[in-house]
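# A structural walkthrough
Chain by chain, the residues:
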Amino acid sequence: MTRGEIAKIFLSPPYITGASAIPDLPLEADDLEFKVELLQVIQVRDMVGDGRLIKRRLRDGKGEFPVDCPLQDSVLRIHYKGILPDDGGKVFCDTRVDNDGEPLEFGSGEGRVPEGLEMCVKLMLPGELALVSSVSGFAYDKFPRPDGVPDGANVQWEVELLSFEAVKDWTGMNFKQIMDDVEKIKGTGNRLFKESKFDLAKAKYEKNLLNLNVAACHQKLGDPSKSIEWCNKVLEGNPHHVKALYRRGVAYTARGDFEEAHSDFETMKRIDKSSEQDANAAIIKLQKKKQDAEAKARKQFKGLFDKKPGEISSVSSTDVKPDGPEETVHPETKPPEDLPEVEEQTLHPGKFWRLFNSGTSFFKNIARKGCAIL
């Protein structure tokens, strides 16, 4: 049904069942007829699919969903009231009171409001009023906490989207205006990076095609393979780009591709003598990580090659430890750059091919001594 529609609904057994909303329903009837009018549709949206962030529409806005929503980066104007539902509905902020009645104006995608609030506002229509219910993880765990909001507190925001203005593209801008906008976006990305909001920073860098900074974000997000892809984009255009070689070498090291990483660091030194200190420091860390990986391989497969033919199936499950996180490697020495350098990621010992790759020399030595496995 659509809003305002009036319809007749006919029911017959076995569809005549008990209903708390209609307590006097004659369950023994042979058939029933209902006249129904749909007065209002209240939209309730589970934003992440597990109940941690719920948006409930209290008043409709103007326009058509979702084409008239601020899905792209925009300047938003909202009024909101912050509520602690587990503390008797205590109000901890209200822009209509605390901000001299002035609405809050902010740019989306800039980390200026809690993540859960922004996610929901981007799916609102102008004039819409909504109630957002959020666990602490989408509220103030990673955002400056207002006075009166305890650690780990669930919150609600009653928010009204007054208006929004989409960010202008570069059509019709002159060169200076474009470059000014580029610097502004880059500056926002750098701020977000320093605040550890790497997903938001990555979006800003991608808009300006700052490929090395995108690579740094992927590295911080624990995806060295993506970091390598973005470094390759730079090196395809300039194979002698020292920062790209360094960053790719760091990503190769994090992924366990030690030979490729060593090659990148050596290439750095050949291209730019001033980068030797950074490259040598990275090589030392690479060698330490490689030794740790080989030691882990020895420990993980201890006793495996001491078995006689036919005994391989008797290896105890305790001889091979289950997958688990390994200690985090210390951050790389920062190369000269205006953006914080990526840190190395942990090596996951459950990825057997990486262990075999890093422990090649170990297994070669065993092969020379001779062993038989059936």
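Residues numbered from 1 in each chain as written. Predicted model: local features only at pLDDT ≥ 70, side-chain atom pairs only at ≥ 80, totals over all residues. Heavy atoms only, no water.

## Considerations on the pattern of salt bridges
As a reminder, the rule being used: When a carboxyl oxygen of Asp or Glu lies within 4 Å of a side-chain nitrogen of Lys or Arg, that pair is called a salt bridge. Note on conventions: DSSP H or I runs of at least 4 residues are helices, E runs of at least 2 residues are strands, and numbering of each starts at the N terminus.
For the coordinates displayed, the defined rule picks out 23 salt bridges. For K197, the salt bridge identified is with E195, shortest N-O distance 3.3 Å. Measuring nitrogen to oxygen at the nearest pair gives 3.7 Å for the salt bridge that ties K226 to E229. Note that K226 and E229 are positioned in helix 6 (residues 224-237) at a spacing of three residues, about one turn of the helix.

## Comments concerning the packing of helix 5 (residues 211-220) against helix 7 (residues 242-255)
Quick note on the threshold: For helices, the axis comes from a line fit to the C-alpha atoms of the stretch in contact; other axes are also lines fit to C-alpha atoms, and the angle between any two N-to-C directions lies between 0 and 180 degrees. To sort the angles, those under 35 degrees are grouped as roughly parallel, those over 145 as roughly antiparallel, those from 65 to 115 as roughly perpendicular, and the leftovers as oblique. Put simply, a crossing is left-handed when the front helix is turned counterclockwise from the back one by less than a right angle, and right-handed when it is turned clockwise. Whether two residues touch is decided by their heavy atoms; if any such pair falls within 4.5 Å, the residues are in contact.
Interhelical geometry of helix 5 versus helix 7 gives an angle of 20° and a closest axis separation of 11 Å. Classified by the angle their axes make, helix 5 and helix 7 are roughly parallel. Helix 5 and helix 7 meet at a crossing whose hand is left-handed. Contacts from L212, N213, A215, A216 and Q219 of helix 5 reach helix 7 at K243, A244, R247, V250, A251 and A254.

## Remarks on the packing of helix 7 against helix 8 (residues 258-271)
Inclusion rule: Residues were grouped as follows: Ala, Val, Leu, Ile, Met, Phe, Trp, Tyr, Cys and Pro as nonpolar; Asp, Glu, Lys and Arg as charged; and all remaining residues, including Gly, as polar.
Remark: helix 7 packs on helix 8, axes separated minimally by 8 Å, with the N-to-C direction vectors making an angle of 160°. Relative to helix 8, the element helix 7 lies roughly antiparallel. Once helix 7 is placed against helix 8, the crossing between them reads as left-handed. Along its contact with helix 7, which presents V242, L245, Y246, R248, G249, V250, Y252 and T253, the element helix 8 presents F258, E260, A261, D264, F265, T267, M268 and I271. Split by residue class, the contact of helix 7 with helix 8 holds 10 nonpolar, three polar and three charged.

## Let's talk about the pairing of strand 8 (residues 129-134)
Consecutive side chains of a regular strand alternate in pointing toward one face of the sheet and then the other. The condition that has to hold: Remark: exposure states derive from per-residue accessible area (1.4 Å probe, protein chains only) relative to the maximum for the residue type, with buried under 20%, exposed over 50%, and partly exposed in between. Paired strands, in this sense, are two strands between which DSSP finds at least two bridges.
Here strand 8 lies mainly inside the structure; five of its six residues are buried. Pairing analysis gives six bridges linking strand 4 (residues 53-59) to strand 8, with the strands arranged antiparallel. The partner of I54 across the bridge, within strand 8, is S133.

## Points about the nonpolar core
The condition is simple: In plain words, nonpolar cores are sets of buried Ala, Val, Leu, Ile, Met, Phe, Trp, Tyr and Cys residues tied together by side-chain atoms within 4.5 Å.
In terms of nonpolar packing, the biggest core is built from 32 residues, with F193, A201, Y205, Y246, F265 and M268 touching the most fellow members. Of all elements in the fold, only helix 3 (175-194), helix 4 (198-207), helix 5, helix 6, helix 7, helix 8 and helix 9 (276-300) reach the threshold of two or more residues within this core. Per-element accounting of this core gives the leading share, seven residues, to helix 7. Counting 27 residues, the second largest nonpolar core, distinct from the first, contains Y80, L117, A153 and V155.

## Thoughts on the packing of aromatic side chains
Rules: Aromatic pairing here means that ring centres of Phe, Tyr or Trp (its six-membered ring) are within 6.5 Å. Orientation follows from the plane angle: under 30 degrees is stacked, over 60 is edge-to-face, and everything else is tilted.
The final tally for this structure, using the stated rule, is five aromatic pairs. A centroid spacing of 6.3 Å and a plane angle of 55° characterise the contact between Y140 and F143, whose relative ring orientation is tilted. Across this residue pair, the class does not change: Y140 and F143 are buried. Here the aromatic rings of Y246 and F265 are separated by 6.0 Å at their centres, their planes lie at 55°, and the arrangement is tilted. Taken together, the residues span a long stretch of sequence, with Y246 in helix 7 and F265 in helix 8 at a distance of 19 residues. We classify Y246 as buried; its relative accessible area is 2%.

## Things to note about the confidence of the model for the protein chain
How we decide: On a scale of 0 to 100, pLDDT captures the predictor's confidence in every residue.
Predicted confidence across the protein chain gives a mean pLDDT of 85, with 81% of residues reaching 70 or more. Within the protein chain, strand 8 carries the highest mean pLDDT (98), whereas helix 11 (residues 360-369) carries the lowest (44). Below pLDDT 50 for its whole length, residues 314-338 participates in 50 contacts with residues either more than four positions away or in separate chains. Across residues 340-353 the pLDDT falls below 50, and counting only partners more than four positions away or on other chains, this stretch makes 49 contacts in the model.

## Structural notes on unusual backbone geometry
The omega torsion across P13 and P14 is 5°, close enough to zero to call that bond cis. Along the chain, P14 turns up in the loop between strand 1 (6-11) and strand 2 (32-37). The omega torsion across F65 and P66 is 0°, close enough to zero to call that bond cis. Tracing the chain through its elements places P66 in the loop between strand 4 and strand 5 (74-84). Phi at D100 is positive, roughly 55°, even though this residue is not glycine. Following the sequence through the fold, D100 ends up in the loop between helix 1 (95-98) and strand 7 (104-107).

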